[in-house]
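Descriptive structure summary
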Amino acid sequence: MLGLKESGRLDLIKGMLDNFAFLIDQFGFIPNGNRTYFLSRSQPPYFALMVGVLAEIEGKEVLAKYQSQLLKEYDFWMDGRNALTDEQPITKRVVKLAGNRILNRYWDNTPTPRPEAYRQEIELTEEAQPLGVVPEELYTHIRAACESGWDFSSRWFKDQQAMTTIDAANIIPVDQNCLLYWLEVTLHDAALQTGQHKMAYDDYDWLIKDREKAIQQTFWNEETGFFHDYDLVTGRQTEALTLAGAFPLFFKLATPEQAERVHDRLKADFLQAGGWVTTLNHTGQQWDWPNGWAPLQWIVYRALTNYGFTETANEGRDRWLALNDKVFRATGKMMEKYNVVDAAITTGGGEYPNQDGFGWTNGVYLAMNAHTK
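In what follows, the accompanying structure is described. Everything numeric here is computed off the predicted structure, so don't read it as measured data. (Residues numbered from 1 in each chain as written. Predicted model: local features only at pLDDT ≥ 70, side-chain atom pairs only at ≥ 80, totals over all residues. Heavy atoms only, no water.)

Overview of the nonpolar core
Judged by nonpolar contacts, the single largest core of 113 residues is most densely connected at Leu17, Phe47, Ile166 and Leu266. Looking at this core, the element that brings in the most residues is helix H8 (residues 174–193), giving 10 residues. (Core = buried A, V, L, I, M, F, W, Y, C linked by side-chain atoms within 4.5 Å. Buried < 20%, exposed > 50% of the residue type's maximum accessible area, 1.4 Å probe, protein only. Helix = DSSP H or I, 4+ residues; strand = E, 2+ residues; numbered from the N terminus.)

Laid out in structure tokens, this is it:
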């Protein structure tokens, strides 16, 4: 959509939004894909950001048009909230932590191998069972990771290395909760746009403030100077350092002091020859070192510019654009993902080959290129 905006294709932006709105009206959420076997899990909650792209072009009345779908999607993510208790702190995609912090996780209610990866998951089960892993739990964690979009990454692994230790449904992700914070902000603005002032201030204001406070209390690590995911089982943050830690800066939820420390960590550890590497772990999974992904390049770029770190932001942007250009000149193609550590080596990892051409790569390229002018 960012690329379509730069291309003047307002018609396609509206078409995409209307298609997503239809899916929400039909199913209550945006399925992970347009196939019946995806109906047990959602896409990550980016719909509010999508509506925001059109609202920037046409004005805030767009929020009123999609208000009902924004609310339906929110209800999907928050389903079970009223059933949470100290004795039952987890229900579907909602969790309750100490201090009455209400946050979210990724989840799927079908503990079976995914049809699109059946053989691989049966083989993984055979590998994991001698280690004491229950097959149904394994499938739930795999599906939860798929709902996140980061399928797969060491951020979901107990040991940060092996797929057999995947534990995604027990992890509260920092990026997901930042996205849901933005959905709450968007619902607040939509209520104001439709004259529902009481709803905006009585319902959404406290939800926004509570989520903001919970994000700070749950994910910030003073020792590492970074935002981490949180492990429900151990009751503490995971050790993994990933680009998900930049999301609080993207949504301006970090303090200036936190932002400076995140910037320093990003610059020292994540900035590579071709842009920002996703994690610091070498596992062979596609959402790990040495791969870079267009959506996360944009998140980090905007995260840093939000706090005035324009020199570092521009450096990462320019390295990514140069890598895209170099690969395109060599192959005539835009790619789904790139090796940002060594451009001479083809990117890889994951359960399928690297894809030729990908809308988010094109879109981020156009959006970033527009910021160089």
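Looking at the pattern of salt bridges
Using the criterion set out here, one finds 25 salt bridges in the structure. Ionic pairing is found between Arg119 and Glu123, a salt bridge with its closest N-O pair at 3.9 Å. Of this pair, Arg119 and Glu123 are both found in helix H6 (residues 118–128), 4 residues apart, which corresponds to roughly one turn of the helix. Taking relative accessible area as the criterion, Arg119 reaches 63% and is therefore assigned exposed. Linking Asp175 and Arg155 is a salt bridge whose minimum nitrogen-to-oxygen distance equals 3.1 Å. Taken together, the residues span a long stretch of sequence, with Asp175 in helix H8 and Arg155 in the loop between helix H7 (135–148) and strand S4 (171–172) at a distance of 20 residues. Take Asp175 and Arg155: they sit in the same class, and that class is buried. One network of salt bridges, in which partners are shared, links Arg41, Asp108, Arg114, Glu116, Glu121 and Arg143. (Salt bridge = Lys/Arg side-chain N within 4 Å of Asp/Glu carboxyl O.)

Side note on the sheet that holds strand S3 (residues 101–104)
Strands sit in the order S1-S2-S3 across an open sheet of 3 strands; the sheet is antiparallel. Looking at which strands have only one partner, the edges of the open sheet turn out to be strand S1 (90–91) and S3. Where strand S2 (residues 94–97) meets S3, 4 bridges bridge the pair, whose relative direction is antiparallel. Counterpart to Lys96 in the pairing with S3 is Ile102. (Pairing = 2+ DSSP bridges.)

Re the side chain of Thr242
Mapped onto the fold, Thr242 is located in the loop between strand S8 (236–237) and helix H10 (247–250). Reaching out from Thr242, the side chain makes a polar contact with the backbone nitrogen of Ala244 at a distance of 3.0 Å. Not counting residues within four places of it along the chain, the set of residues in contact with Thr242 comprises Trp150, Arg155, Phe226, Phe270, Thr278 and Thr279. (Polar contact = N/O pair within 3.5 Å; in protein donor to acceptor, adjacent residues only side chain to side chain. Contact = heavy atoms within 4.5 Å.)

Thoughts on empty space enclosed by the protein
In this structure the tally under the stated criterion is 1 cavity of 30 Å³ or more. For the largest cavity, the calculated volume is near 60 Å³. Around the largest cavity, the lining residues are Tyr74, Met78, Arg81, Ile102, Glu184, Trp206, Leu207, Asp210 and Arg211. At 4 residues, helix H9 (residues 197–219) tops the list of elements feeding residues into the lining of the largest cavity. Residue classes in the lining of the largest cavity are distributed as 5 nonpolar, no polar and 4 charged. (1 Å grid on protein atoms, 1.4 Å probe; cavity = no way out; pocket = protein on both sides within 12 Å on 5 of 7 lines; lining within 4 Å. Points joined across faces, edges and corners; volume = space filled by probe spheres on them. Nonpolar A, V, L, I, M, F, W, Y, C, P; charged D, E, K, R; others polar.)

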